[in-house]
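# Architecture and fold: a report
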Amino acid sequence: MDFGLVYPALVAGRLLLAFAPLPDALKHDHQLSSPLTSYPRLQEGVYLFQHGIDPYSGGLFRHSPLLLSLFSTALPLNKFTSACLWTACDAISAWALVKIWRARQRVSQSSRDSLIAAIYLLNPYLLLPTLALSTSTIENMLFLLSLMFASQGQSSPSLLALALLVQLSLPSAIFIVPMILLLLSDPVSRLASPREFNTYLSSILAKLGLWWYFFTEMFDHFRPFFLMVFSAHLLIYVLPVCLKFQHDILYATYILAGVYATFKPYPTLSDPGLFISLISLFPETYQYLRYPIVTTLLHLHSALLLPLFHHLWLSQGTGNANFFYASTLVFGVSNGAALLDAIWAGLRIAVGNLPEGYELIQK
């Protein structure tokens, strides 16, 4: 399929869908946006700021000052500008993903370009948060732009996009090291022939994350300690992953995106959606995935449980927080299963095909 025809058609379809009369309940769905990415809270903060009230004084507005200054001056929020801007962010993200694929293959264009763009633009985990106008869409765009520029060896724009991303979402700091290493190397696949490179290394709301239930149950005087532990937890994965996949830093960045989606403090569906879309860059690993069907079914199972238990708890009142947290655990397991499968495939490809009667026990 011709990328020049498919890509504009997909973007036009997304734009028409953005202007469709969708229910406003999407904007308040905590599976699609968190208190840190909520569009109604962004609107409230902009309104307070424009009327001379500090939006951060009440504790409800938690968006970045960058977004506050942007949407209170240059880009006023309304139905038309919001639909166009959020669709444009997804369009830029899909285009950046295609450019990363081309840089990895060292080609100017390929037959997979249309498929990669479609995987991103038609991914329901990314489509629904965009329709809910979650600012996680902007964060995904900045991540993919930083990754695209790093794959092309352009350090200044890559680090600028990464700096903006970290300012919007502090846990994104785990991408600083792999992004710098990618700038010092190249995105070409070396998973099948790994070797070392001495150049670079030898509030109580229904949130989808794994944090919130712990903090509702613990004593207040323990809260600062565990908040520090949980926040620092993401950092421990950076060095081991970058060392293990030092021969292919783009793949290491992909693995860290899965870690980010699994353990982010305030995740939404767009976080695993980004991780799932990035797998389109690594078709050489598909045959080495161990349990893709199980992982897919786990995601489907959690996607059905999350809205059901959320409704039972907060709307019907026939359930409680334990119900919803159980579904978030299933969601976490599905993300973890996808992450482990990706790690296994990235390591297993170096072994190649085994002789008949042999089985790989440990790599």
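- Under an unreviewed UniProt entry, the name given to the protein is PIG-U-domain-containing protein, and the organism recorded is Somion occarium.
- Per UniProt, the protein carries the Sequence similarities (unreviewed entry) text "Belongs to the PIGU family."
- The UniProt entry for the protein carries the following text under Subcellular location (unreviewed entry): "Endoplasmic reticulum membrane".

### Re unusual backbone geometry
- The backbone phi angle of Arg106 is positive, close to 60°, even though this residue is not glycine.
- Mapped onto the fold, Arg106 is located in the loop between helix H4 (79-105) and helix H5 (113-121).
- Among the residues examined, Arg106 registers a relative accessible area of 62% and is labelled exposed.
- Look at Leu133: it is not a glycine, yet its phi comes out positive at around 60°.
- Here Leu133 lies in the loop between helix H6 (124-131) and helix H7 (136-151).
- Using a relative accessible area of 9% as the deciding quantity, one classes Leu133 as buried.

### Concerning the pattern of salt bridges
- Inspection of the entire model under this criterion finds seven salt bridges.
- One salt bridge in this structure joins Lys264 and Glu139, with 3.5 Å as the shortest N-O distance.
- On the accessibility criterion, Glu139 (7% relative accessible area) is buried.
- In this structure, the salt-bridge partner of Arg190 is Asp186, at a minimum N-O distance of 3.0 Å.
- One continuous salt-bridge network, built from bridges that share partners, spans Arg104, Asp248 and Glu284.

### Describing the nonpolar core
- One finds Ile138, Phe143, Leu144, Phe175, Tyr251 and Leu278 to be the most contacted residues of the largest nonpolar core, which totals 76 residues.
- Per element, the largest residue contribution to this core is ten residues, and it comes from helix H13 (residues 249-263).
- If we skip the residues at most four places from it in the chain, Leu278 touches Leu97, Phe143, Leu144, Leu147, Tyr254 and Ala257.
- Of all hydrophobic cores here, the second largest spans 13 residues; its members include Leu269, Leu306, Phe309 and Trp313.

### Describing the UniProt feature "transmembrane region" (unreviewed entry) in the protein
- UniProt's feature table lists "transmembrane region" (unreviewed entry) at residues 119-138, 158-185, 197-215, 221-242, 249-268, 288-309 and 321-347, given in the numbering used throughout.
- Taken end to end, residues 119-138 comprises 70% helix and 0% strand; its first and last C-alpha atoms sit 18 Å apart.
- The annotated region residues 158-185 carries 71% helix and 0% strand content, and the separation between its end C-alpha atoms amounts to 14 Å.

Criteria and cut-off values
Residues numbered from 1 in each chain as written. Predicted model: local features only at pLDDT ≥ 70, side-chain atom pairs only at ≥ 80, totals over all residues. Heavy atoms only, no water. UniProt positions renumbered as here; feature names shortened; annotations may be inferred. Helix = DSSP H or I, 4+ residues; strand = E, 2+ residues; numbered from the N terminus. Buried < 20%, exposed > 50% of the residue type's maximum accessible area, 1.4 Å probe, protein only. Salt bridge = Lys/Arg side-chain N within 4 Å of Asp/Glu carboxyl O. Core = buried A, V, L, I, M, F, W, Y, C linked by side-chain atoms within 4.5 Å. Contact = heavy atoms within 4.5 Å.

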